[in-house]
Structures are given as C-alpha cells and as structure tokens.
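Chain by chain, the residues:
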Amino acid sequence: MSVPLGYYLILGGVLFAIGLCGALTRKNAIAVLMSIEIMFNAAILNFVVFWYYLHNGALTGQMFALFAIAVAAAESAVGLALVISVYRHYKSVDVNEMRSLKG
Amino acid sequence: MDVCGVSNFNVFPCVNDPYLTQYLFVAVFVLVAVLFPLVPLALVRVLAPRKPSPTKNATYECGLVSKGDSWIQFRAGYYLYALVYVIFAVETIFLYPWAVAFGGLSFGAFVAMMVFVLLLVEGLVYAWAKGALDWK
Amino acid sequence: MSVAYAPIVRALGSETALVLVALAVLTLDFIIGRKREVAKRRELVGAVALFGLALSAVPLVGQVGMTNVLLPGETLVVNPLVIIFKFVLIVLTAVTVLISIDHDIGTHVGEYFAMLLFGAIGMLLLVGTEEFLTIFVALELTSISLYVLTAFHKNSLRSQEAALKYFLFGAIATAFLLFGLSYIYGLTGATNLRDIGAALAKKGTDPLLGVGLLCVLVGLGFKVAMVPFHLWAPDAYEGAPTPVTAFIATGSKVASFFVLVKVLMVAFAGAVGSAYWGAFESGWAMVLGLTATASMVLGNCAAIVQRNVKRLLAYSSIAHAGYILVGLVAASSTGATAVLFYVIVYAITNLGAFGVVAALASRAGGDDLEHFNGMAKRAPFLSLLMLVFVLSLAGIPPLGGFFGKFYLFAAAVECDAEMFGLLWLVALGIVMSAVSLYYYLVLMKHMYVLPAKDETRIATPGHLKMALAFCAAGVVLLGVFPEPILALLKALVVRL
C-alpha cells in the first residue's frame, strides 16, 4: 500500500510554509536564499506527486518539475552573485543592515 | 485531524484510514526517539551543580584554545567556480530524458538538443574567455 | 510523437534573431571592445543591438495574418494581438537601447546590452504563449535579466542593494507562482490556459484551487507591482541605472499585464467572483478590486512625500497599476481592451519620462527634485517633453493618458449597467487622479518655476532627443486619434 496523495500535499504545504517563514524572518541573505529554495522544492514535489497520482498519462508534470529545477538553479546562481557583490560593499550579508534606499 | 471533504477532488485521506493505523508504531518510535535524549538532559539540569568558569566555557574544554571567529572566510575567487558548476550541473538535467528516449526521437529532436548543448558550450567559452576558470 | 519544426522556427523568428544578436553583441564587445573608450564601445555595441532589434521585427511582418496555434497545448501562439504586442515590446526595447547609449553603465558594455536583449526575448516569449510552463520560463528569463541589469552600477552601493532586494522579493513571488501552478496543474490536469478554463467551468470552485489561484495572483501581482506586493518597486527603481528602471517600468509591465489579462480572462474565467458594491463574491475580481483600491491610495499618497524623482515615478507607477486593475476588475472584453490600450499608453509615457530623467540627472548631478530646478532654461526641449509625459500620466486631455484612463473607468462603469456596482472603484480612481495631479505639478514647479543654482545649458545628443520626441509624439497621437488602435484591439480581444 503506497502513501496516499494527501500526505504528500500536506508535506508540500508544510515545506512551503517553512520556506516562507524562513524567507520572511531570516536576516542573513544566504539563509533567505536557502528558504526560497525550500519553497521551490515544495512546488516541485507537488508537481511530481500530482503527475504520479492523477495525471500520469502525459509527462507534463515531470517536465514542469525539470524546468522548475533548472530555473531555480539559474535563479540561485544569480542570487548568490548578487549577495557576494553586496557583501563587497557592506562587508555583511545582513538584510536588515541594508538601508541606503529609504522613503 | 479530519480533513475529509475539504476538497471536491478527494485528495485528502480520512482519520479512520488504515494507512494511519499502520504507521502508528512509527509515531511511537518518534516519541521515544525524542524523549530519549531529552530526559537525561532534563535530569542533568535538575541534579548537576553549576559552577561556570572561563576554562569550562571554552569551545574545547580539554583541547587546543580556539582562535578567532568560526565564520572564517574562504577566498572569494572560489565562488565563481561554484556558480559556474551549479549552472552546468543542473542544465544537464535536460540531457537525461533526451538520452533515455533517444531511440524513439526524430532527427529534429537531435538538432534541437545540439542547439541546446551549443548554447551551453557558448556559456562555457564565455566564462573561459573572461578568465572565470583561471586558478589564481 | 513527431513535431513539425518548420512552423516553430518561423513563429520564433524574432526570438531567434535576438538570441543570435545578443551573442554577437557579447562577442563583439569582447574582441574589439577592449582597446576603445567606454563611450565609443557603447555607441558601437548599442548600434549593433539596435540593428538586431530592427532585424527581429522583420519576422513579425511575415507573421501578419497568421492565426496559428503551434505545438499541442498552445505552447506557441501567433495571432494579430500577439504580433502587435511583440512589436510594441521591440520598440520599447529599442528606445531603451537608445537611452542607454548615452548613459554611464560601467565597463561591461557588451554584457549590458546582451542582458537587455535577453530580457526582451523573455518578454516576447511571454506574450507569445498560452501555456503555463512557457509563461513561467519566460517570466523567469525576463526577471533574471532584470535582476542582473539592476546591479549594473558595480561601484554604486544603492544599485547592488536594489538588485538584491528586487531579487529576494522576486524570488519569493516566483516560488508563490510555481506553488500555485502546481495546484492548478494537479486539480485540472492541464497547463494550457484554455484547458484549465474548461476544467474550471466543469468542476466549479474548490478550496485547494482557490489557494492555487491566489498564489498565482501573488506571483503575477509582484511583476506588475500592485499593493501589497509593491515593496521592491521604489527601491529597485531608485537604485537601478535609469535606463534599466525605464525597462523595468515599461517592457516588463507591458508583458506582465498582457499575461495577467490572458490568464484571468481565459484560464480563470470560471472563478471571477464580483467586486460590486454590497455584492462581494469571492473570486479574482474581488481580490483585484481590493488590491486596486490599495494600489491607488498608497501609490498616490506615498508619491506626494517623495524627494527623489525616480522614487516619485515608482510610486506613481504603483498607482497606475491600480488604475489598470480597475479595468481588469470589470472582467469584460471592453475592460480587457481598455487595459491593453492603457498599458501601451502608460509604457510609452513612462519610458519617455524615465528617458528624460536619465538624460538630465547624470548631467545635473543627481535625481532628486532639487537637481531639476530651472530645467526649463537649461534644457528647454527635454523639459517640454517631460511636461507632455507628466500631463499624460496625470490624465490631462487631449493626451493619451486621459483617454486611456477614460476607457478604463468607462469599462468599469458599463460592466454593470443596472446597479453601477463598480462606481465606488471608479469614484476612488478619479479622486486619486486629482491627488496625483499635485505631485506631478510639484515636479513641474521644480522644472519650470524654481531657479537653478547653475544656469549652464545641458546638451543632449540628437539620437536621444529623437527617441524621446518619438515617445512624446506617440503619447499625443494616441490621445488625439485613439480610435484606430482601440478598434483594432477591441476586435482582437473579442476573439481571445
């Protein structure tokens, strides 16, 4: 007997919530980046699970997951590069310390 | 937790689902696994005498004295390899399904994938030409 | 499954041309750029980019008259509406390139123009598809290019910080979008807009689907900078190099609103709900009605206290997103037509306004309101153009902004002819337009009334003046003769 679909969806929802909490509360930009990756992975998990349980006639869900993984990687690479270039100016990756833009 | 009927699509299971009872012993194991380290820690808190001193609070009480911050820095130059690696490692994800289905694909699919690989190579050449791969 | 590649290549003509030109631009700058000065390189590489954009418009001419759905699942769509918007986006990018040639964008000239072209490719793909996977990838291509472009002032702390903030907010929004799409895919089994629409009509509303819809709205709402997902906009607009700000405020907005209209009108037509006064019904119209209210109020009120021109225009663009949403809330084909018309007018106007700021700020020493004192004497022609743009943004007849706003509000009133259920939203929009007049006039006061510290004339190159005059002419023309394009859009939207 395999695990019912609902449990995976709950797992996906919990992962997404964990990622969102991390992204909103963490001060360290790298930690925020990691939290965002968790949110992405929650969505990717959903895609694969929905594909496997409900729509396994076509490969749409798998394709979506593959593309999402690739896009997430590209995004995190750009994000890391931005964090490093900010670090060169501030000598810190604390998001709360970035206050040169205000109003 | 009763979430039956939340969705028209019947994706959520019910509490009397045999699936849950089957995993009851896992829940018991989890409970024991959590309690096992917590109980001795709590006992120590209650029973042990507390006399803190600088030597005792050092990172390694009976090892070398640690120096500096634990957030040491690596050479920033390395991050370029990491970024380039992340991109190339993940882009190959598209090569797997293509390779698995290779036998049944048309010539057009082959050309399309070659174009994709060519674009990746172009990225590699660019990184190379810009000196991102030089080991300084 | 065999796929016919020839029509795909034909439909992707513009995008392919832009990819090749972007790579050529990178190579060109790498090989011959080294030995020359930065200004010369900008001219050379910018000219190649412009040539590429002109080249990419050619395949569009060949597509006129085509109404094709290519690839199963509407992954690529060619129809007159798409062709119009691709053309508009190419023109917007070309004007952005012209503004950039004259602007200090650091030493990475080739990379700058290549990223600009990559962003344009993403936008073209975004309007030319009716399928969520392609929408997602295209949206990311655009966003990632814009993140990088925002950080192009390598020595400016503000630019780096703006890029990081833009990136973090943007990535969270993307995660929301993807998560929402996963539910929509799971519950309908489709990723193309039409099939999702059909499945929704059959199954009715569902809580999980509601979550999915809301997440997608969050993701797209971020891209169009509607309150409460606007937090990135003022920072990104202020910190980014001004030509990039212009590109974010116009090109990316046009493409995002186009997608938003398509997604809401085609895929989510079964979950409209209602924002009529006293008859709220849950659905996207209600959600957008509330965000439109918040966007108009917060955007206009926050703009009043700004001292920085780019920041002021950022808040004004948040307010404009609010006006545009009013047209969407109407959820009718008239509303969709008005939205598309207004988006074009808004993009041309804002591109011109940011172009003037880009041209003047670097020579006036900064982009605060004080730096623009007495501009009418220092740069009379550009000040005149700015007057046109600002009056159009404020909605003064006979400029394009007035008619755009008029059609938006008319569509909202007309969609419920008996009870005038959306009158509250329209009334708020009109009041807020009056508020907006105040800060636009403050900007004009600085340029036309207050004396400048330094009265020297500011000389701007001819190509820049020409590009901005072109924008101004567009604003005036769309105001004086709105009928042809409006009728065209209307005929095309009905077939959507």
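The structure displayed is predicted, hence computed values, not measured ones.

### Some remarks on the overall build of chain B
So, point 1. Each helix and strand in chain B was counted, giving 6 helices and 0 strands.
So, point 2. Taken over 136 residues, chain B has a buried fraction of 1%.

### Details of the confidence of the model for chain B
All names here are of chain B.
So, point 1. Looking at chain B, pLDDT values average 79 and 79% of them are 70 or higher.
So, point 2. Across chain B, the element-wise mean pLDDT spans from 69 in helix α1 (residues 18-22) up to 91 in helix α2 (residues 24-47).
So, point 3. Confidence drops under a pLDDT of 50 for residues 1-9, and excluding neighbours within four residues, the segment shows 17 contacts in the predicted structure.

### Quick look at helix α11 (residues 242-267) of chain C
All names here are of chain C.
So, point 1. Helix length check: α11 (26 residues) gives 36 Å between terminal C-alpha atoms against 38 Å at 1.5 Å per residue, within 8%.
So, point 2. At Lys253, α11 shows its strongest bend, of approximately 30°.
So, point 3. Buried residues dominate α11, accounting for 25 of its 26 residues.

### What to know about the nonpolar core
So, point 1. Counting 230 residues, the largest nonpolar core has Ala68 of chain A together with Leu89, Leu117, Val329, Val339 and Leu408 of chain C as its most contacted members.
So, point 2. The contacts of Leu117 of chain C, once residues within four sequence positions are left out, are Leu18, Val21, Ala22, Val25, Ala49 and Gly52 of chain C.

### As for the interface of chain A and chain C
So, point 1. Listed by partner, the interface residues are 34 residues for chain A and 34 residues for chain C.
So, point 2. Elements represented by at least two residues in the side of chain A that touches chain C include exactly α1 (5-25), α2 (29-53) and α3 (60-90) of chain A.
So, point 3. Top contributing element to the side of chain A that touches chain C by residue count: α3 of chain A, with 16 residues.
So, point 4. Tallied by class, the residues present in the side of chain A that touches chain C amount to 24 nonpolar, 9 polar and 1 charged.

### Section: unusual backbone geometry
Residue and element names in this part refer to chain C.
So, point 1. Note the cis peptide between Val227 and Pro228, where omega equals 5°.
So, point 2. Take Pro228: it is sitting in the loop between α9 (207-223) and α10 (232-239).
So, point 3. You will see that Ala225, though not glycine, has its phi angle at about 55°, which is positive.
So, point 4. Residue classification places Ala225 among the buried residues on the basis of 28 C-beta atoms within 10 Å.
So, point 5. Unusually for a residue other than glycine, Ala331 sits at a positive phi of about 55°.

Conventions we followed
- Residues numbered from 1 in each chain as written.
- Chains lettered and ligands numbered in written order.
- Predicted model: local features only at pLDDT ≥ 70, side-chain atom pairs only at ≥ 80, totals over all residues.
- Helix = DSSP H or I, 4+ residues; strand = E, 2+ residues; numbered from the N terminus.
- Buried ≥ 20, exposed ≤ 12 C-beta atoms within 10 Å, placed from the backbone.
- pLDDT = per-residue confidence, 0-100.
- Contact = placed C-beta atoms within 7 Å.
- Expected span 1.5 Å × (residues − 1).
- Bend = angle between axes of the 7 residues up to and from the residue.
- Core = buried A, V, L, I, M, F, W, Y, C linked by C-beta atoms within 7 Å.
- Nonpolar A, V, L, I, M, F, W, Y, C, P; charged D, E, K, R; others polar.

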